[in-house]
Amino acid sequence: MYRLSACGITHRGKVRNKNEDALLLGDTLVQEEVMTSPVCVQMEGKSLLFAVADGLGGHACGEMASLITLKTLMEEKPEDAQSINQALHKARDHLEAFAKENPYAQGLGSAVAGLLLGKQDILVFNVGDCRVYGLKEGKADRLTLDHTEVERLVRLGYISDREAKHHPNRHVLTSALIGDASFREFEVFIKKAEGYKSFVICSDGLWELVEDDELYLSPSELLNIALSRGGTDNISLIRVDLA
């Protein structure tokens, strides 16, 4: 049985003309253009799910893609790694079905990252470049693996993490949930997250503009920092603290 508090906030930012991100806190689905204060919940249960989805900018209906993705995860209620994978594939199928019914939405897609407090394990997962961090002993550890061309360069040792933040190809994804029959296969990253009591789940609009040691700040403070540094993308995050 888990007992926890969680707070989430999302904002359009200063450059984009709409917010294509969405948040999931248990059974609470949040999609707003601008939030000035976080939505906070106290929860208790044996299987709890939190996620941030980032509709792909420049693609059709990004805001619908993130909403469909999180709505599917909420309805599927995954409890382990296998059911997370199945739920994500079902979300992609729903995106494809939506695009078939609405041709203007062809190619809609989303990145997503999440935290599952499951019956057996605590798991983190992602597709694309949304992230989950674990907070412990004054450090923020990235627990997920970006599906980007730049991440590949980092892992091969060609560039550093700091260089990756400013690389011109940092937004080129190698995996995402895409509502198109040509993209039915995608890569999912899932792993156990042991030894952490606090987590931050966020879109790239946050992690690109804040330093890792700032992730201990409150969601409102992190949002304000990202806005003060340009707010170049939609900004979304959830902070989860286990009791």
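This text gives an overview of the structure that appears in the document. (Residues numbered from 1 in each chain as written. Predicted model: local features only at pLDDT ≥ 70, side-chain atom pairs only at ≥ 80, totals over all residues. Heavy atoms only, no water.)

A short note on the layout of surface pockets
Next, step 1: When its volume is computed, the largest pocket comes out at roughly 300 Å³.
Next, step 2: Around the largest pocket, the lining is made up of 18 residues, and of these R131, R142, D161, K165 and W207 lie nearest the centre.
Next, step 3: Ranked by residues supplied to the lining of the largest pocket, first place goes to helix α4 (residues 161-165) with four residues.
Next, step 4: Here the lining of the largest pocket is built from residues that sort into six nonpolar, one polar and eleven charged.
Next, step 5: Lining the second largest pocket we find 13 residues, and of these L56, G57, H171, L173 and D204 sit closest to its centre.
Next, step 6: Its residues assigned to classes, the lining of the second largest pocket shows four nonpolar, four polar and five charged. (1 Å grid on protein atoms, 1.4 Å probe; cavity = no way out; pocket = protein on both sides within 12 Å on 5 of 7 lines; lining within 4 Å. Points joined across faces, edges and corners; volume = space filled by probe spheres on them. Helix = DSSP H or I, 4+ residues; strand = E, 2+ residues; numbered from the N terminus. Nonpolar A, V, L, I, M, F, W, Y, C, P; charged D, E, K, R; others polar.)

A closer look at unusual backbone geometry
Next, step 1: In this model, K77 sits at a positive phi of 50°, which is unusual for a non-glycine residue.
Next, step 2: Position of K77 among the secondary structure elements: in the loop between α1 (62-76) and α2 (81-101).
Next, step 3: Non-glycine residue E137 carries a positive phi angle of around 55°.
Next, step 4: Within the secondary structure, E137 sits in the loop between β8 (131-136) and β9 (139-142).

As for α2
Next, step 1: The terminal C-alpha atoms of α2, which comprises 21 residues, lie 31 Å apart, in line with the 30 Å expected from a rise of 1.5 Å per residue.
Next, step 2: Here α2 has its buried residues at S83, I84, A87, L88, A91, R92, L95, E96, F98 and A99. (Expected span 1.5 Å × (residues − 1). Buried < 20%, exposed > 50% of the residue type's maximum accessible area, 1.4 Å probe, protein only.)

As for the nonpolar core
Next, step 1: Among the nonpolar cores identified, the biggest contains 46 residues, and L4, F50, L115, L117, F199, L206 and L215 are the most heavily contacted of them.
Next, step 2: Here L115 is in contact with L48, L49, F50, I122, L123, V124, F125, F199, I201 and V240, once residues within four sequence places are set aside.
Next, step 3: Core analysis: the next-biggest nonpolar cluster, separate from the first, contains 27 residues, C61, A105, F125 and F186 among them. (Core = buried A, V, L, I, M, F, W, Y, C linked by side-chain atoms within 4.5 Å. Contact = heavy atoms within 4.5 Å.)

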